[in-house]
Structure formats: C-alpha cells, structure tokens
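# Summary of the model geometry
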Amino acid sequence: DDDDDGDDDDLYSSNTQPLQSTSQQESIDSEFYPILALCFCVTLLSALDRVAMSIAILPISSEFGYSETMKGQISSAVSYGYGAAILPIGLAVSVVSARLLMMVGVFLWSLATLGTPVMAELSSNASILFPLLSIRAIMGSAEAVVLPTMQRILANWVPPEKKATTLAIILSGFQLGTVSAYLVSPWLMDQVSGLDGGAADIEGWRGMFYIYGITGLVWLLPWYFLAKDSPSKNSIGRTEEDCTETFVNTMVEDDASLVFQECLVESDDKDIVKDNRGGDNSFKRFEGIQLLVQSAPWADFLKSRGVWGMMLAHAAKNFELYNLLAWTPTFFSEQYGLNTKESALFSIGPSICGMIGGLTAGNLADFLLVKLSS
C-alpha cells in the first residue's frame, strides 16, 4: 500500500513548481482584464444556451406531443456532442490559436441555437427526432471549445498563484448563466409569444432560441478585436528553465480535455519567444504532442487510486449535475402543477449555491497554496 501511495504522488509531482510567496507574486497584465470579462461572458452564454432547452422542452413537448423518453433524448443530445469533441479539441488547442478556436466554437453553437426551432419543426412528428437531436449534438460539440481554450489562455496570461481565483471568476459564469436561463427564458418566451412564428397561445420558445443565438454572434465582435492568445510582454515572468512541455487540465465542470501547455519565455533581448522545442512550426508542435501522448504513463494512470478517485467523483458529480439541468423544471411542472415561469424560478437554487461555493473555493485554494508554499 505504501508503494502505491508513492506511485500516486509521482503522477502529480513531476512538474510541480513551488509557488511564489505573497510578496513575490506577479500581477496580472492589465491587457487581460477585457479578455477575462469576455471569458466570463462566454461561459454565461454557454450555460444560457444549454439550459434553455430544459425550459423550452415544456412548451415544445406540449406542442409536439413528446413522451418522457423523447424529452430525455433531446435533453441528453448536447452531452453526446460534447463528450465526442472534448478530447480532440483539447489537443487541437495545442496547434491552433485558442482565440480563433473559441471564435469558431461560439459561431457554430450560435448557429446551432438559431437553427434549433427549424430542426424542432422538422422533428414535430414524434417518430422522427433525428434533426433536433443532430442540431443539439452539434451545439454540444461546439461548446466543447470553451474550457480547453480558456485553459490555454489562462496558462499564457495568469500567474500560477492567481489561477484558481481567476478560473473561479470565469466559471461562475456557468452558474450565473444557468440562473439567468431559469429567470430570463420564461419572461422572454412570454414577450415573443405569437411573434416568432408560433401560435399566439403558445409560449415563444422559438423566439427565445433566436435571441440567444444572435447574442452569441454579437459576442464575437469584441472577442475578435480584444482577445489575444498571449500577452505582448512577459508579465508572468517565466524563464527558459521554468518552461516544460506538459499536459494540463482544469479539473472542473465538464473539462475532460488534456491541453498542451506551451510556455512563453523571455529572451536576452526581452522579446517573448516560445519554447525552442516547439517553435512556430505547427507540424513540429504536433509531433511533440504525439510524442507526449505515446510516452505518457497510461498504465500508471490506470493503476492509480487517485486517478480512479477523480474519475468516479467527476462521473458522480456530472450525473447529479445533468439530472438537475435536464429535469428540474419538468419535475416541478409535473409533480406540483407549476407553469413554466414558476418551475424555472424554483430551479435556480442549486446554481446560486454553486456560484457562491465556486468563488469561495477558488479564493481559498489560492490562499492555501501560497501559504503552504511560503
């Protein structure tokens, strides 16, 4: 047993660097703050677009006569696309600009959101759900860009001792987006009822998807002009000796990705250069990723109790998370006879608690890491 514990420790300690004391901590470049705000907004949009279906499924199923099984299939379609795309995107972000990959992802999921009403109409015959399931799966695969690209951007912009707090701020957008979806969506459907191509006596779920999709396309404009993959100067203070090739993971929410962390280091003439093993050649960087994948201690991962513990905890947490997201409004509607607005209102409690807990845990983690390392 003692030997197993030592093996687990080796898996997590090979690339660990001591954190700086409070007096030595680097500050975050001021150029990053607009990017931070946009990252927060994109996590909010991601949750908003995903949770919208949990609310819209009530009037959709009423209009088209969907059974409980069909409602479950529609709600889970996003997860199929997300699960299939997260690992490939986690590697793609190593050879493609994170900024551009984020743009492509948001563009595609916004188009998928805009197309959801059209695909729902094509699936109005309850025996043919393929169009609606397909567009929701496409949306899920496009949303898979969010966490890997943000992890890559944070690795370039944010000092290690500030990363947990910064990540907690960004990820609180997921919780706020969920709360916003529950609060805003019923009101929005009331406002556009009869104006979005549906009947006047049916809640305007079509218009809700149109508005959310357009909002995502509007977000692309400031991202295009303000976002950068890395700072224009070495504000993180790395040296070439500190720079190691490694895979990293956020260990939060749905992030199953392994992102190749590329170091930016300061040369003698104060210009920022990339680790010379990667260079600017995408093909060489791809070869480096391939080598790391082949040389990774996969057998040790499979034998590690720590790895299995994280996998099981992540699976259990997501089982609870997606049950809540997909079925909470339906539960309140069917069990207690509440309307769409009332059902959504009673569904916001877990997300508010999650937002508070995430921000508290992020700040506490940063404090403890610095305190224990000093």
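Computed from a predicted model, the values in this text were never measured in an experiment.

### Here's the deal with the overall build of the chain
Across its full length, the chain carries 13 helices and four strands. Sorting the 374 residues of the chain into buried and exposed places 47% on the buried side. For the chain, the proportion of contacts with a sequence separation of at least 24, taken over those separated by at least 6, is 79%.

### Side note on the packing of helix α4 (residues 98-122) against helix α6 (residues 146-157)
Packing of α4 against α6 brings their axes to within 9 Å, and their N-to-C directions diverge by 160 degrees. With respect to α6, the axis of α4 lies roughly antiparallel. The two elements α4 and α6 meet at a crossing, and its hand is left-handed. Where α4 abuts α6, its residues Ala 98, Leu 101, Met 102 and Trp 109 lie against Val 146, Thr 149, Met 150, Arg 152 and Ile 153. Residue composition of the contact of α4 with α6, grouped by class: seven nonpolar, one polar and one charged.

### Brief notes about α6
The terminal C-alpha atoms of α6, which comprises 12 residues, lie 16 Å apart, in line with the 16 Å expected from a rise of 1.5 Å per residue. Where burial is concerned, most of α6 is hidden: 12 out of the 12 residues are buried. Where α6 is concerned, the buried positions are Val 146, Leu 147, Pro 148, Thr 149, Met 150, Gln 151, Arg 152, Ile 153, Leu 154, Ala 155, Asn 156 and Trp 157.

### A short note on the environment of Phe 331
With respect to the secondary-structure elements, Phe 331 resides in helix α11 (residues 305-336). Expressed as a C-alpha distance, the spacing of Phe 331 and Ser 343, which sit 12 residues apart in the sequence, is 8.1 Å.

### Thoughts on the nonpolar core
The biggest cluster of nonpolar side chains holds 69 residues, and the ones touching the most others in it are Phe 32, Met 102, Trp 219 and Trp 223. At the level of elements, α2 (32-64), α3 (68-92), α4, α5 (130-143), α6, α7 (160-192), α8 (205-226) and α11 are the ones that each hand at least two residues to this core. Ranked by residue count, the leading element in this core is α2, at 17 residues. Contact partners of Trp 223, with chain neighbours within four places excluded, come to Ile 35, Leu 38, Cys 39, Arg 99, Met 102, Met 103 and Ile 153.

### So, the packing of aromatic side chains
Inspection of the entire model under this criterion finds nine aromatic pairs. Summarising the aromatic geometry, the rings of Phe 332 and Tyr 336 are spaced 6.2 Å apart at their centres and angled 35 degrees between planes, so their arrangement reads as tilted. One end of the pair is Phe 332 and the other is Tyr 336, both in helix α11 and four residues apart, which spans about a single turn. For Tyr 336, a relative accessible area of 53% translates into the label exposed. Members of the aromatic cluster, connected to one another through ring pairs, are Phe 64, Tyr 66 and Trp 205.

### Some points on the confidence of the model for the chain
Of all residues in the chain, 77% have pLDDT values of 70 or greater, and the mean over the chain is 78. α8 holds the highest mean pLDDT among the elements of the chain, 96, whereas strand β4 (residues 272-274) holds the lowest, 39. Counted against residues more than four places away or in other chains, residues 249-279, with its pLDDT under 50, gives 114 contacts.

### A closer look at α5
The terminal C-alpha atoms of α5, which comprises 14 residues, lie 20 Å apart, in line with the 20 Å expected from a rise of 1.5 Å per residue. Those residues of α5 that fall on the buried side of the exposure criterion are Pro 131, Leu 132, Ile 135, Arg 136, Met 139, Gly 140, Ala 142 and Glu 143. The secondary structure elements touched by the buried residues of α5 are α2, α3, α4, α6 and α8.

### Side note on the side chain of Thr 328
Along the chain, Thr 328 falls in helix α11. Non-local contacts of Thr 328, meaning those with residues more than four positions away in its chain, are made with Asn 323 and Ser 347.

### Thoughts on the environment of Thr 215
Turning to its location among the elements, Thr 215 is positioned in helix α8. Overall, Thr 215 belongs to the partly exposed group, its relative accessible area being 35%. For the pair Thr 215 and Ser 110, spaced 105 residues apart in sequence, the C-alpha separation works out to 8.0 Å. Among the polar contacts made by the side chain of Thr 215, one reaches the main-chain carbonyl oxygen of Ile 211 at a distance of 2.8 Å.

### Examining the side chain of Thr 166
Checked against the element boundaries, Thr 166 lands in helix α7. Residue classification places Thr 166 among the buried residues on the basis of a relative accessible area of 6%.

### Notes on the state of the cysteines
Covalent bonding between the sulfur atoms of two cysteines defines a disulfide. Summed over all chains, the structure comprises zero disulfides. Sulfur of Cys 39: no disulfide; nearest cysteine sulfur belongs to Cys 41 and is 9.3 Å away. Residue Cys 39 is classed as buried on the basis of its relative accessible area of 2%. Residue classification places Cys 41 among the partly exposed positions, given a relative accessible area of 34%.

### Examining a nonpolar patch on the surface
There is a patch of nonpolar side chains on the surface, built from Leu 183, Val 184, Trp 187, Leu 345 and Phe 346 and spanning about 510 Å² of accessible area. Per-element accounting of the nonpolar patch gives the leading share, three residues, to α7. Classification of Phe 346 by relative accessible area gives exposed; the value is 52%.

The rules behind each value
Residues numbered from 1 in each chain as written. Predicted model: local features only at pLDDT ≥ 70, side-chain atom pairs only at ≥ 80, totals over all residues. Heavy atoms only, no water. Helix = DSSP H or I, 4+ residues; strand = E, 2+ residues; numbered from the N terminus. Buried < 20%, exposed > 50% of the residue type's maximum accessible area, 1.4 Å probe, protein only. Contact = heavy atoms within 4.5 Å. Axes fitted to C-alpha atoms, helices over the stretch in contact; angles between N-to-C directions. Parallel < 35°, antiparallel > 145°, perpendicular 65-115°, else oblique. Left-handed = near helix turned anticlockwise from the far one by under 90°. Nonpolar A, V, L, I, M, F, W, Y, C, P; charged D, E, K, R; others polar. Expected span 1.5 Å × (residues − 1). Core = buried A, V, L, I, M, F, W, Y, C linked by side-chain atoms within 4.5 Å. Phe/Tyr/Trp six-rings, centres within 6.5 Å; stacked < 30°, edge-to-face > 60°. pLDDT = per-residue confidence, 0-100. Polar contact = N/O pair within 3.5 Å; in protein donor to acceptor, adjacent residues only side chain to side chain. Disulfide = S-S within 2.5 Å. Patch = residues over 30% accessible without salt bridge, like charges linked within 9 Å, V, L, I, M, F, W, Y side chains within 5 Å. Areas by Shrake-Rupley, 256 points an atom, 1.4 Å probe, with all protein chains shown as cover. Salt bridge = Lys/Arg side-chain N within 4 Å of Asp/Glu carboxyl O.

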